[in-house]
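The primary structure of each chain is shown beneath.
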Amino acid sequence: MKQFILFLLMLLVAKVAIGQPRSQTIEKTIHEVETSLMPPLQLAHKPFVQFSLTDRMKHYHVPAVSIAFINNGVFEWARAYGYLSNDSLQPANTHTLFQAASISKPITAMAALRLVELGKLDLDTDINAYLKTWQLPQSRFTDQKPVTLRALLSHTAGLTVHGFRGYATGDSIPSVTQILNGEKPANSPPVVSDTVPGSGWRYSGGGYVILQQLLNDVTGKRFPDLMQQLVLKPIGMDCSTYQQPLPKALWSNASIGHLGNGQKLPGNWHNYPEMAPAGLWTTATDLARYLVDVQQSFQGKTNHVLSRSMVNKMLTKQPGEHGLGPEIHGSDSTLAFSHGGSNAGYKCYFYSYAKTGQGVVVMTNADSGMGLIFELMRSIAHVYQWPDFKPIIKKIIQVSQQKLASMAGEYKLENRTDRSLQITVQENSLFVQQLWNGFSYTLHPEGSFAFFVKEYGDRFTFEPASDTTIAGVVHENTKWVKVKTP
């Protein structure tokens, strides 16, 4: 009964707005966003499938969502939905804190670029020239080319360690040096150079831990204090902090992390001494202030943290997908910057156009939140007519039963024997069962040998061996070899 009551309470979504009373037009637009969530794929010649935010929060087991939207370079609206946890009666509000996870990185990058403008750092100098407490070990890769600040910020430094698990309440917290060396009680491997810097792109949270140490060494300040001084306070991110663990004074309005099944994360949340890449606690509204500041600086209207020329450098794509901090998309009028975040129990995302002054931040407190976030992104793109995040449109064609039957059978992953697919005919489609984990889905035909999964948009292409037999099937870039017919 208690769970049922809590479920009903979750459906009574808490909506708390900031700012001045809104016009009916804005309220109507917000309602459209709340009721136009979409899957990644829609079928041609059929009405678009749309969901309500309330229903999808239930579907994804997400207790709380916070959204902040900017338009024409200013706040347009902000809303919070749901509750701090799945067993709480305290509604989330626009001041509720969430872990920003990897969104910590572009905010950290802003501080580093500020120090470049102040003449304390250089983008293309060997980072070991700045590091005092710890040094990046030399290797045959760094002998060819040194690791630089530019490379750290853009994930082109050739460094290891993608991300971090964090530390549960009660766990011993390692120092930054222990994290970098992979020494206990650190739960991650050492951060080392294993590729020539600048030779390619590879996401490295480890590189941002090096940046954390570098900023400490150059300024002589605690990292949370430094971030407060250089970025958070000048932008007006008054609810945000890099302090880890989160001070008890801020617990009362902090969202609690949840697993993908909706259960609370043991200890409510993990702690992240890897503050630069993962340690920011913030609100959607505060992150929207960051978006506005970048937009305004890019257009030469403000320079609270960075000059116009430095923001231009920040938003210039380096090798790979990133600029000097955020991911970069499009060009000219569609130039956009973004970043996602994924800590234990939290998922978040922002996307912002540099020139049009539009952008959105979405924060959730569940491991399954990213699916909900991108359904929301498609809703926002639909309502505001954005050029990005449009659903894929597919048309189902008719395929003969004889051809479908030729595709049925068992398929094994190429070069592996422990992964098999069982494919059977199901009317004008194919039913796929993953034999190693029981996961199943339906393939719909869009061509003679081309099929797709309606729920996800995944593409499967069958490879004929002759007019009547099939040799294998390719799913995205993965090939499966047919080993048995029905």
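Residues numbered from 1 in each chain as written. Predicted model: local features only at pLDDT ≥ 70, side-chain atom pairs only at ≥ 80, totals over all residues. Heavy atoms only, no water.

**Q** Describe the overall build of the protein chain, listing the residues and the values that go with them.
**A** Secondary structure summary: the protein chain contains 13 helices and 18 strands in total. Relative to a compact globule of 486 residues, whose C-alpha radius of gyration would be 23 Å, the protein chain shows 24 Å and is just as compact. Referenced to the eigenvectors of the C-alpha coordinate spread, the extents of the protein chain come out at roughly 75 × 60 × 50 Å. Residues classed as buried in the protein chain amount to 55% of the 486 residues present. A fraction of 63% describes how many contacts in the protein chain between residues 6 or more apart in sequence connect residues 24 or more apart. As presented, the protein chain carries roughly 20,600 Å² of accessible surface, and 52% of it is formed by carbon and sulfur atoms. Each charge sign in the protein chain was given a centre, from 43 positive and 36 negative side chains, and these centres are 2 Å apart. (Helix = DSSP H or I, 4+ residues; strand = E, 2+ residues; numbered from the N terminus. Rg over C-alpha atoms; globule rule 2.2 N^0.38 Å. Buried < 20%, exposed > 50% of the residue type's maximum accessible area, 1.4 Å probe, protein only. Contact = heavy atoms within 4.5 Å. Areas by Shrake-Rupley, 256 points an atom, 1.4 Å probe, with all protein chains shown as cover. Lys, Arg positive; Asp, Glu negative; His and termini not counted. Charge placed at Lys NZ, Arg CZ, Asp CG, Glu CD.)

**Q** How would you summarise the sheet that holds strand β17 (residues 470-475) if you had to cite specific residues and measurements?
**A** The strand order around the closed barrel formed by 8 strands is β11-β12-β13-β14-β15-β16-β17-β18, and the pairing between neighbours is antiparallel. Each strand of the sheet is rotated relative to its neighbour by a mean of 30°, with strand direction disregarded. With 4 bridges connecting them, β17 and strand β18 (residues 478-484) associate as antiparallel partners. Paired with Val-474 across the two strands is Lys-479, which belongs to β18. (Pairing = 2+ DSSP bridges. Axes fitted to C-alpha atoms, helices over the stretch in contact; angles between N-to-C directions.)

**Q** Now, about the pattern of salt bridges: what can you tell me, with residues and values included?
**A** All chains considered together, the criterion is met by 17 salt bridges. Lys-264 is the partner of Asp-87 in a salt bridge, and the nearest nitrogen-oxygen pair spans 3.5 Å. Here Asp-87, found in the loop between β3 (74-82) and β4 (98-99), pairs with Lys-264, found in the loop between α8 (223-235) and α9 (275-278); they are 177 residues apart in sequence, far enough to count as distant. Residue Asp-87 is classed as partly exposed on the basis of its relative accessible area of 35%. The shortest N-O distance in the salt bridge between Lys-317 and Glu-321 comes to 3.9 Å. Lys-317 gets classed as partly exposed once you look at its relative accessible area, which sits at 42%. Beyond isolated ion pairs, a larger network of salt bridges with shared partners links Glu-27, Glu-34 and Arg-79. (Salt bridge = Lys/Arg side-chain N within 4 Å of Asp/Glu carboxyl O.)

**Q** Describe in detail the nonpolar core, supporting the description with residues and values.
**A** Formed by 88 residues in total, the largest nonpolar core has its most connected members in Ile-107, Leu-153, Ile-210, Leu-215, Val-231, Tyr-290 and Leu-315. Excluding residues within four positions of it along the chain, Tyr-290 makes contact with Pro-106, Ile-107, Met-110, Ile-235, Met-237, Pro-326, Phe-337 and Phe-350. In terms of nonpolar packing, the next biggest core, distinct from the first, is built from 30 residues, Ile-26, Met-57, Tyr-60 and Tyr-384 among them. (Core = buried A, V, L, I, M, F, W, Y, C linked by side-chain atoms within 4.5 Å.)

**Q** Run through the packing of helix α4 (residues 104-117) against helix α10 (residues 284-298), naming residues and quoting values.
**A** Between α4 and α10, whose axes approach to 12 Å, the crossing angle comes to 45°. Our classification of the angle between α4 and α10 gives oblique. For the element pair α4 and α10, the recorded crossing hand is left-handed. Packed against α4, whose contacting residues are Pro-106, Ile-107 and Met-110, the element α10 presents Leu-287, Tyr-290, Asp-293 and Val-294 at the interface. Residues that form the contact of α4 with α10 fall into these classes: 6 nonpolar, no polar and 1 charged. (Parallel < 35°, antiparallel > 145°, perpendicular 65-115°, else oblique. Left-handed = near helix turned anticlockwise from the far one by under 90°. Nonpolar A, V, L, I, M, F, W, Y, C, P; charged D, E, K, R; others polar.)

**Q** So, empty space enclosed by the protein: which residues are in play, and what are the values?
**A** Counted under the stated rule, the structure contains 1 cavity of 30 Å³ or more. In this structure, the largest cavity spans a volume of roughly 40 Å³. Taken together, Ala-151, Leu-152, His-155, Thr-156, Ala-157, Gly-158, Leu-159, Arg-202, Ser-204 and Gly-207 make up the lining of the largest cavity. Tallied by class, the residues present in the lining of the largest cavity amount to 4 nonpolar, 5 polar and 1 charged. (1 Å grid on protein atoms, 1.4 Å probe; cavity = no way out; pocket = protein on both sides within 12 Å on 5 of 7 lines; lining within 4 Å. Points joined across faces, edges and corners; volume = space filled by probe spheres on them.)

**Q** Can you lay out α4 for me, pointing to particular residues and giving the numbers?
**A** Between the first and last C-alpha of α4 there are 20 Å, a value that for 14 residues agrees with the 20 Å anticipated at 1.5 Å per step. α4 sits mainly inside the fold: 12 of its 14 residues count as buried. The complete set of buried residues in α4 reads Ser-104, Lys-105, Pro-106, Ile-107, Thr-108, Ala-109, Met-110, Ala-111, Ala-112, Leu-113, Leu-115 and Val-116. Among the residues trailing α4, Gly-119 stands out with phi positive, at a value near 80°. (Expected span 1.5 Å × (residues − 1).)

**Q** Residue-level account of the environment of Cys-348, with values.
**A** Topologically, Cys-348 is positioned in strand β8 (residues 346-353). You can call Cys-348 buried: its relative accessible area is 0%. Here Cys-348 is in contact with Gln-99, Ala-100, Ile-103, Gly-340, Gly-341, Val-362, Met-363, Met-370 and Ile-373, once residues within four sequence places are set aside.

**Q** I'd love a proper account of the pairing of strand β12 (residues 420-426), names of residues and values included.
**A** Relative to β12, strand β11 (residues 409-413) runs antiparallel, the two being bridged by 4 bridges. By the bridge assignment, Lys-412 is partnered in β12 with Ser-420. Taken together, β11 and the strand that follows it, β12, pair antiparallel across an intervening segment of 6 residues, in which Asn-415 is found at a positive phi of about 70°. Where β12 meets strand β13 (residues 429-434), 6 bridges bridge the pair, whose relative direction is antiparallel. Following the sheet pairing, Leu-421 is matched in β13 by Gln-434.

**Q** Could you give me a rundown of the environment of Leu-180, with the residues and numbers involved?
**A** For Leu-180, the position within the fold is in helix α6 (residues 176-181). By relative accessible area, Leu-180 is classed as buried at 1%. Residues Leu-180 and Val-209, 29 residues apart in the sequence, show an inter-C-alpha distance of 7.2 Å.

**Q** Talk me through the sheet that holds strand β6 (residues 327-329); I want residue IDs and the actual numbers.
**A** Within the open sheet, the 6 strands sit side by side as β3-β2-β9-β8-β7-β6. Their pairing is antiparallel. The two strands at the open ends of the sheet, each matched to only one other strand, are β3 and β6. Strand-to-strand twist across the sheet, computed as the mean angle between neighbouring axes with direction ignored, equals 10°. Judged from the 6 bridges that link them, strand β2 (residues 64-71) and strand β9 (residues 359-364) form a sheet pairing that is antiparallel. Paired with Ala-68 across the bridge in β9 is Val-361. Along the sheet, helix α12 (residues 369-384) contacts β2, β3, β7 (336-343), β8 and β9; its crossing angle with β8, the most-contacted strand, is approximately 25°.

By themselves, these figures tell us nothing about what the structure is for.
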